[in-house]
Number of protein chains: 4
Amino acid sequence: MINLSCDYTCGAHTKVMEALVQTNGCHTVGYGEDAFSEAARAAIRSFFCCEDADVHFLVGGTQTNRVVIDTLLRPHQGVVCAECGHINVHESGAIEAGGHKVLPLPDHDGKIKAAAIDSCFYDHFHDPNYEHMVQPGMVYLSFPTEYGTLYSLKELKAIHRVCRKYNVPLFIDGARLGYALASKANDVKPSDLPKLCDVFYVGGTKMGALMGEALVMVSKRWRQDFRYIIKQHGALLAKGRLLGVQFQTLMSDGLYMEIGTNGCETAEQLHNGLEALGVEFRYDSPTNQQFPILPDEVIERLNGKVTYSWWCRHDETHSVIRLCTSWQTTPYEINQTIELIGQLLKEQSETPR
Amino acid sequence: MINLSCDYTCGAHTKVMEALVQTNGCHTVGYGEDAFSEAARAAIRSFFCCEDADVHFLVGGTQTNRVVIDTLLRPHQGVVCAECGHINVHESGAIEAGGHKVLPLPDHDGKIKAAAIDSCFYDHFHDPNYEHMVQPGMVYLSFPTEYGTLYSLKELKAIHRVCRKYNVPLFIDGARLGYALASKANDVKPSDLPKLCDVFYVGGTKMGALMGEALVMVSKRWRQDFRYIIKQHGALLAKGRLLGVQFQTLMSDGLYMEIGTNGCETAEQLHNGLEALGVEFRYDSPTNQQFPILPDEVIERLNGKVTYSWWCRHDETHSVIRLCTSWQTTPYEINQTIELIGQLLKEQSETPR
Amino acid sequence: MINLSCDYTCGAHTKVMEALVQTNGCHTVGYGEDAFSEAARAAIRSFFCCEDADVHFLVGGTQTNRVVIDTLLRPHQGVVCAECGHINVHESGAIEAGGHKVLPLPDHDGKIKAAAIDSCFYDHFHDPNYEHMVQPGMVYLSFPTEYGTLYSLKELKAIHRVCRKYNVPLFIDGARLGYALASKANDVKPSDLPKLCDVFYVGGTKMGALMGEALVMVSKRWRQDFRYIIKQHGALLAKGRLLGVQFQTLMSDGLYMEIGTNGCETAEQLHNGLEALGVEFRYDSPTNQQFPILPDEVIERLNGKVTYSWWCRHDETHSVIRLCTSWQTTPYEINQTIELIGQLLKEQSETPR
Amino acid sequence: MINLSCDYTCGAHTKVMEALVQTNGCHTVGYGEDAFSEAARAAIRSFFCCEDADVHFLVGGTQTNRVVIDTLLRPHQGVVCAECGHINVHESGAIEAGGHKVLPLPDHDGKIKAAAIDSCFYDHFHDPNYEHMVQPGMVYLSFPTEYGTLYSLKELKAIHRVCRKYNVPLFIDGARLGYALASKANDVKPSDLPKLCDVFYVGGTKMGALMGEALVMVSKRWRQDFRYIIKQHGALLAKGRLLGVQFQTLMSDGLYMEIGTNGCETAEQLHNGLEALGVEFRYDSPTNQQFPILPDEVIERLNGKVTYSWWCRHDETHSVIRLCTSWQTTPYEINQTIELIGQLLKEQSETPR
């Protein structure tokens with residue numbers, strides 16, 4: 001079985017697991033105040049060139065989004081995001097459970113445009129009934145987006161400028177950040193991120209960790225007492241060093257970028273191979289998530305051979321699936337997948353209907 | 001000045017005010033457990049033919065919506081409504097502040113269709129990731145809608161059937177209920193309402209009361225302990241009898257329907273008069289809110305003579321305004337308004353541009 | 001029947017009612033942006049000598065407390081108050097429903113001491129696990145307290161100093177503020193309040209209004225966007241001018257203090273009269289709430305003649321009741337009450353048991 | 001250094017770690033729907049003899065408590081617990097952040113009595129103002145308690161009866177459940193738990209897992225849609241099988257009880273050894289947490305040799321510390337600790353002051 005349904009179907013990258021085993025017997029204080037976590041913090045600050053930032057380790061993405069948004073917003077404010085944004089669609093209402101409306105803007109290939117964000121703020125503050133409406137209070141982006149697409153540096157700068165103009169924070173969800181940074185199509189450097197946003201997180205779960213997300217609090221405005229809020233959300237891991245050990249490993253010897261690069265390269269190989277077979281794609285993703293449009297019979301016949309995520313219906317006879325590479329995916333597996341799909345497409349086209 | 005900006009720009013209907021004056025010196029227990037409130041409850045039960053329902057008096061609409069929705073939903077559930085629904089647009093995020101996502105469906109003249117509601121529920125429960133999404137847990141309608149339009153009895157029955165099919169409650173926001181019931185275009189009887197929904201409220205603030213909404217809890221499922229929840233929301237009026245006295249009056253001698261009828265008749269007169277002048281309307285409203293499309297210069301020149309609410313831009317030179325009649329509006333005022341607009345339109349058409 | 005169960009068993013003071021009647025036909029904009037509300041704001045600023053403060057009108061006390069506390073606290077903070085504090089005991093968990101723990105301190109005759117508040121803050125920040133505990137983030141006082149007692153100017157100053165020391169806001173619940181200011185025992189001037197706290201409210205409901213509390217936001221820190229939060233809590237009255245008209249009246253011609261004075265003088269008369277009969281009191285209240293300890297049989301026999309609130313059991317044969325005067329109570333009624341209780345005590349003492 | 005500060009200062013039990021390593025390369029579906037989690041669920045059902053219960057795996061204790069309490073309570077209800085209860089003291093207000101008041105009862109050695117719980121419910125429902133107060137809606141117990149003490153079977157049965165009497169659920173926090181079940185002083189069998197409460201959880205973090213708590217939902221009343229609520233709280237681990245693998249291991253070959261037994265036996269050895277030195281204890285704990293009262297100078301001199309948690313001041317010259325054993329603690333370490341403390345006490349007693 002070739003596993004392309006998701007980038008978190010197996011355990012941790014071997015090096016991460018080894019580090020956990022090696023440090024298993026050590027005794028440390030809890031709640032992330034140990035030396036491993038401190039070293040991981042230093043490594044992250046160094047990687048993103050933000051020596052002054054606070055770094056916190058949380059367990060998962062939904063949790064991280066909720067903690068950040070609950071912290072950054074006042075009670076009457078909402079968070080602006082793409083209609084397809086993870087917080088709008090796939091977090092079971094976690095943001096609203098924290099009291100805040102999600103204010104979705106139409107997305108284009110998963111992205112929102114600076115101009116649309118500007119209009120959203122402008123319109124709100126120029127509405128005669130503005131006090132009766134939810135005030136947009138921050139902007140949330142995913143990088144890469146839920147569709148695997150990337151904001152260019154220019155786009156991020158434009159969005160950042162809008163946020164500064166209205167004096168609201170920008171938060172970047174980097175659940176798959178490594179696959180963005182490692183993409184050939186990407187022009188955003190790690191050191192750009194702290195300059196372009198107020199808070200971002202560096203995904204671990206989908207980047208080879210057992211679990212864990214590293215939250216980088218660039219802005220000084222919300223730092224005070226932030227650990228209380230993490231604890232209140234049940235997000236302060238008792239054996240916090242588990243997250244420190246993992247991120248220390250991911251940030252060592254270029255492992256984080258290596259994982260990202262493998263994901264992107266195997267995804268590109270997959271993209272090119274399928275494209276050569278005449279397959280079209282729903283979104284033009286340069287990262288580890290690929291969204292080919294395939295005949296339903298072909299998709300059906302993948303079962304038992306290649307795992308995938310069904311995405312959505314495309315037309316009466318075709319659907320979109322998501323194929324997701326990771327640190328683990330090998331060129332050999334991708335070749336096999338392309339061959340298989342090629343074979344299935346050929347058989348399907350020859351079948352009299 | 002002719003006041004058509006809103007149906008709550010002045011105090012109470014004279015009879016309501018008289019009743020408040022007459023009872024002002026009486027001593028009663030607080031929190032709605034007095035005899036006036038009890039009598040008002042009986043009158044409402046009788047008017048809507050629901051002898052078995054619980055009736056509670058609250059102060060305002062946003063408050064009532066929030067209390068009801070917080071009571072009916074479990075934490076992971078959201079409320080389905082029209083995109084233009086008051087809870088989605090004009091309550092400063094009150095529903096989300098209570099922890100619940102508002103799930104908007106596209107509206108048609110302010111209304112949502114049974115089929116769209118059905119799809120919303122069907123799609124949710126057939127999504128492979130349904131547990132990661134907000135579960136639609138109830139349906140909210142405004143009757144009349146925010147655009148003054150009305151659901152027909154047939155439409156309400158269809159929506160009710162969908163709610164029963166998915167075993168979710170239907171809540172009807174009747175902030176302007178009297179203007180619906182009194183409309184010539186309406187075929188929903190007061191006695192239909194308790195059969196068609198689980199909870200509804202009978203608006204007072206916009207129907208001639210100083211303030212107050214009468215919540216009719218038809219379903220038995222959420223009755224227990226409901227007063228705690230009212231109190232917790234700061235919605236249990238200390239001198240509760242104020243609401244009882246007002247609703248007792250509104251429900252006596254046909255006053256509630258009389259107010260509704262005056263609002264609808266003067267609105268119809270306004271509609272017909274403007275239509276005769278060639279004015280078009282944004283929505284086809286048979287109730288007390290009318291939405292004419294007028295040249296911006298004409299609207300500008302209404303200032304100081306007729307109050308209105310600016311609604312939205314229609315095209316480069318026209319906007320939509322809302323003109324709102326009430327128990328107080330007289331045919332004479334409407335005639336004057338029509339004449340004035342006729343005059344302004346004439347002058348404007350004669351002006352060289 | 002003599003009504004002493006509560007200070008909000010009847011309607012409004014005659015002058016307040018008259019003002020409502022006189023202005024009933026006026027048309028104004030809604031939501032408190034009308035001229036009556038503006039005038040009332042000016043009158044309140046003038047009365048409390050805080051020309052620079054923001055004043056907002058809300059409907060009731062629980063609502064006001066919740067709106068203020070939700071605004072002043074960050075998510076991980078709680079509100080310090082007396083164990084008997086209204087927010088801790090009698091608001092159905094409104095504060096917790098807003099997400100905040102109430103942190104009660106033992107009270108002495110309803111009051112908390114500056115030293116105890118200081119310890120509470122000191123201990124928190126010196127606990128090694130402080131991030132795992134709720135951070136005390138503000139202090140809430142009632143003036144007068146729930147037991148009718150008063151903080152002296154010296155006590156308030158000491159508490160204010162502690163709040164400044166820890167940089168947390170002080171909020172004073174003045175649901176019965178007029179009865180404090182008018183008490184002979186009081187040495188706090190209206191002009192002292194804005195200097196001693198960050199937010200306070202001037203009670204209307206218990207001081208002769210139909211309903212309404214005037215919130216005085218002295219501090220500039222939480223002013224921005226405060227009306228959104230009021231609206232979100234369902235606390236922005238549509239016909240906001242109702243509150244403006246009432247407070248304008250209460251603040252005119254010394255009416256607010258006149259009401260307070262009548263409440264305090266009749267309460268003192270009651271106190272002295274009962275004391276002369278040998279009755280003891282649970283709390284030494286110099287305001288309009290009196291808490292005599294009476295034999296259960298005597299209390300029983302008051303029914304039908306004098307209304308009261310049962311407070312708590314004192315010993316096997318005695319209970320504490322609350323007798324509450326107001327703007328309406330007359331010396332004649334008090335005399336009758338004293339005579340009646342005297343008579344009942346006499347009969348009871350003569351009854352062989 | 002001997003580590004007795006806490007039972008979660010190191011990684012996982014060797015067998016748990018081995019299982020994680022062995023399964024690291026397996027691909028499974030996420031979110032706890034994998035075969036490992038299913039096997040762990042079966043093992044837990046079997047161990048506690050509750051074949052019909054639902055089992056869910058969460059990451060940490062505060063998270064689990066918040067998810068359960070948010071699920072079991074209606075908005076106006078609070079949770080009754082001991083004053084020293086973890087949810088009341090050490091969860092940064094997580095329960096209140098979910099909207100619910102914690103209703104503490106005085107504890108006796110960490111425990112609350114059935115009679116006190118009964119009074120709490122009785123008093124609430126007999127208060128004339130009950131709707132203005134938070135309704136007690138469930139009972140929370142820790143077993144063992146925060147002080148290491150144990151409820152007897154008889155005590156649990158009595159509390160269970162009170163809960164049934166008032167028709168409220170009983171929730172048992174078993175963060176250290178294995179240390180209770182393995183204690184010589186314990187008379188509660190695993191199979192008793194599902195009969196005595198509605199929900200309980202089986203601690204992993206403090207019992208040899210990297211992280212994780214197994215929630216056993218015995219009652220059918222709150223099962224529906226529970227996974228949505230877990231997800232909404234950010235508590236649904238993406239690589240859910242990590243928890244499954246760990247609990248499967250803990251529940252195999254008696255490992256869970258073996259860990260508990262080692263903790264209890266070394267704690268007993270410590271207790272007896274210190275007692276023989278004349279040391280007194282703050283609480284009479286028969287489980288893995290011991291609370292000796294020691295001279296401050298002795299405590300000071302433990303630093304660098306034995307880790308401990310400072311607990312509270314006992315008198316001017318003595319403090320209480322917590323010494324905590326675990327699966328890892330060896331009799332040799334305990335002997336050394338006793339010897340060291342004996343030596344320090346001797347030196348201290350000989351020092352002229």
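For clarity, every value in this text was computed on a predicted model and none was experimentally measured. Once a new chain begins, its residue numbering starts again from 1 and follows that chain's sequence as written. Chains carry letters and ligands carry numbers; both start at the beginning, A for chains and 1 for ligands, and go up in the order they are written. Reporting of local features is limited, given that this is a predicted model, to residues whose pLDDT is at least 70; pairs of side-chain atoms are given and counted only at 80 or more, and all residues count toward the totals for whole chains, interfaces and linings. Excluding hydrogens and water, the side-chain values take into account all heavy atoms of the structure.

Undergrad: How should the interface of chain D and chain A be read in this particular structure?
TA: Where the parts come together, the accessible area they lose is often given as the size of the interface. Contacts: residue pairs with any heavy atoms within 4.5 Å of one another. Residue-level contacts link 40 residues of chain D with 40 residues of chain A. As a working definition, buried area equals the accessible area (1.4 Å probe) given up by two parts on being put together, with both sides summed. When chain D packs against chain A, close to 3,600 Å² is buried across both sides, 54% of that on carbon and sulfur atoms. Two N or O atoms count as a polar contact when they lie within 3.5 Å, although within protein this holds only if one can serve as hydrogen donor and the other as acceptor, and sequence-adjacent residues are included solely when both atoms are side-chain atoms. Linking chain D with chain A are 26 residue pairs in polar contact (both at pLDDT 80 or more). Segments assigned H or I by DSSP are reported as helices when at least four residues long, segments assigned E as strands when at least two residues long, and all are numbered from the N terminus. For the side of chain D that touches chain A, the elements supplying multiple residues, two or more each, are helix H1 (14-23), helix H3 (61-72), helix H5 (94-97), helix H10 (226-232) and helix H11 (241-250) of chain D. Put simply, Ala, Val, Leu, Ile, Met, Phe, Trp, Tyr, Cys and Pro go in the nonpolar bin, Asp, Glu, Lys and Arg in the charged bin, and everything else, Gly too, in the polar bin. Along the lines of polarity and charge, the residues of the side of chain D that touches chain A split into 18 nonpolar, 17 polar and five charged.

Undergrad: What's the story with the interface of chain C and chain B in this structure? I'm lost.
TA: Facing 40 residues of chain C, the contacting portion of chain B comprises 40 residues. In this assembly, chain C packs against chain B so that about 3,500 Å² is buried in total across both faces, 54% of it on carbon and sulfur atoms. On the chain C side of the contact with chain B, His27, Gln232 and Lys239 of chain C bury the most area, a combined 19% of that side's loss. The rule for a salt bridge is simple: a side-chain nitrogen of Lys or Arg has to be within 4 Å of a carboxyl oxygen of Asp or Glu. The interface formed by chain C and chain B contains zero salt bridges.

Undergrad: Help me out: how do you make sense of the relation of the copies chain D and chain A in this one?
TA: What connects the two chain copies is a rotation about an axis and a shift along it. Our superposition of the copies is a least-squares fit, built on the C-alpha atoms of residues whose pLDDT is at least 70 in both. Its rotation angle being 180 degrees, the transformation that places chain D on chain A also includes 0.0 Å of axial translation and leaves an RMSD of 0.0 Å. Taken together, the rotation angle and the small translation identify this as a two-fold axis. Here 100% of the interface residues in chain D have copies in chain A that are interface residues too; the copies meet face to matching face.

Undergrad: What should I look at first to understand helix H12 (residues 255-276) of chain A in this one?
TA: Residue pairs spaced three or four apart in an α-helix point in one direction, given the helix's 3.6 residues per turn. Residue and element names in this part refer to chain A. In a helix, the anticipated span is given by 1.5 Å times the number of residues less one. With 22 residues, H12 extends 31 Å from end C-alpha to end C-alpha; this agrees with the ideal 32 Å at 1.5 Å per step. Taken together, the buried positions of H12 are occupied by Leu255, Tyr256, Ile259, Gly260, Gly263, Cys264, Thr266, Ala267, Leu270, His271, Gly273 and Leu274. At the C-terminal side of H12, Gly278 shows a positive phi close to 90 degrees. When accessible area is computed with a 1.4 Å probe and restricted to protein chains, residues below 20% of their type maximum are described as buried, those above 50% as exposed, and intermediate ones as partly exposed.

Undergrad: I tried to follow the packing of aromatic side chains on my own but got confused; where do I start?
TA: Pairs of aromatic rings are described using the distance from one ring centre to the other and the angle between the two planes. Geometry of aromatic contacts follows a simple scheme: Phe, Tyr and Trp rings, the Trp one being its six-membered ring, pair when their centres are within 6.5 Å, and the pair is stacked under 30 degrees between planes, edge-to-face over 60, tilted otherwise. Under the definition given, this model contains 52 aromatic pairs over all chains. Ring geometry for Tyr8 of chain A versus Tyr31 of chain D: centroids 5.9 Å apart, planes at 80 degrees, classification edge-to-face. Remark: Tyr31 of chain D occurs in the loop between H1 and helix H2 (35-47) and Tyr8 of chain A occurs in the loop between strand S1 (2-3) and helix H1 (14-23); the pair is interchain, linking two chains. Residue classification places Tyr8 of chain A among the buried positions, given a relative accessible area of 11%. Ring plane angle 15 degrees and centroid distance 5.1 Å describe the contact between Phe121 of chain A and Tyr166 of chain A, whose orientation is recorded as stacked. One end of the pair, Phe121 of chain A, is in helix H6 (residues 114-126); the other, Tyr166 of chain A, is in the loop between helix H7 (153-165) and strand S6 (170-174), with 45 residues separating them in the sequence.

Undergrad: Got a minute to help me understand the relation of the copies chain C and chain B in this structure?
TA: In screw terms, the move from chain C to chain B is a rotation of 180 degrees and a rise of 0.0 Å along the axis, fitting with an RMSD of 0.0 Å. Of the residues that chain C buries at the interface, 100% are likewise interface residues in chain B, meaning the two copies contact each other through the same surface.

Undergrad: Whenever I open this one, the side chain of Gln232 of chain D confuses me. Can you help?
TA: Locating Gln232 of chain D in the fold gives a position in helix H10. Excluding residues within four positions of it along the chain, Gln232 of chain D makes contact with Arg66, Glu91, Ser92, Gly93, Ala94 and Ala97 of chain A together with Pro75 and His76 of chain B.

Undergrad: Just checking my understanding: could you explain the packing of H2 of chain D against H11 of chain D for this structure?
TA: Describing two packed helices takes the angle between their axes plus the distance from one axis to the other. All names here are of chain D. Viewed as axis vectors pointing N to C, H2 and H11 meet at an angle of 40 degrees, and their least axial separation amounts to 7 Å. Considering the angle they form, H2 stands oblique to H11. Viewed along their axes, H2 and H11 form a crossing whose handedness is left-handed. In contact with Phe36, Ser37, Ala39, Ala40 and Ile44 of H2, H11 contributes Arg241, Gly244, Val245, Phe247 and Gln248. Of the residues contributing to the contact of H2 with H11, the split by class is six nonpolar, three polar and one charged. The axes are straight lines fitted to the C-alpha atoms, using for helices just the contacting stretch, and the angles between their N-to-C directions are given from 0 to 180°. Should an angle lie under 35 degrees it is considered roughly parallel, over 145 roughly antiparallel, and from 65 to 115 roughly perpendicular; all remaining angles are considered oblique. Whether a crossing is left-handed or right-handed is set by the direction in which the near helix is turned from the far one by less than a right angle, anticlockwise for left-handed and clockwise for right-handed.

Undergrad: Would you mind going over the packing of helix H1 (residues 14-22) of chain B against helix H11 (residues 241-250) of chain B with me for this structure?
TA: Residues and elements named next belong to chain B. Look at H1 against H11: their axes get within 9 Å of each other, and the N-to-C directions meet at 135 degrees. By the angle class used here, H1 and H11 are oblique. Two packed elements cross with a definite hand, and for H1 against H11 that hand is right-handed. Packed against H1, whose contacting residues are Lys15, Val16, Ala19 and Leu20, the element H11 presents Leu242, Val245, Gln246, Thr249 and Leu250 at the interface. In terms of residue class, the contact of H1 with H11 is built from six nonpolar, two polar and one charged.

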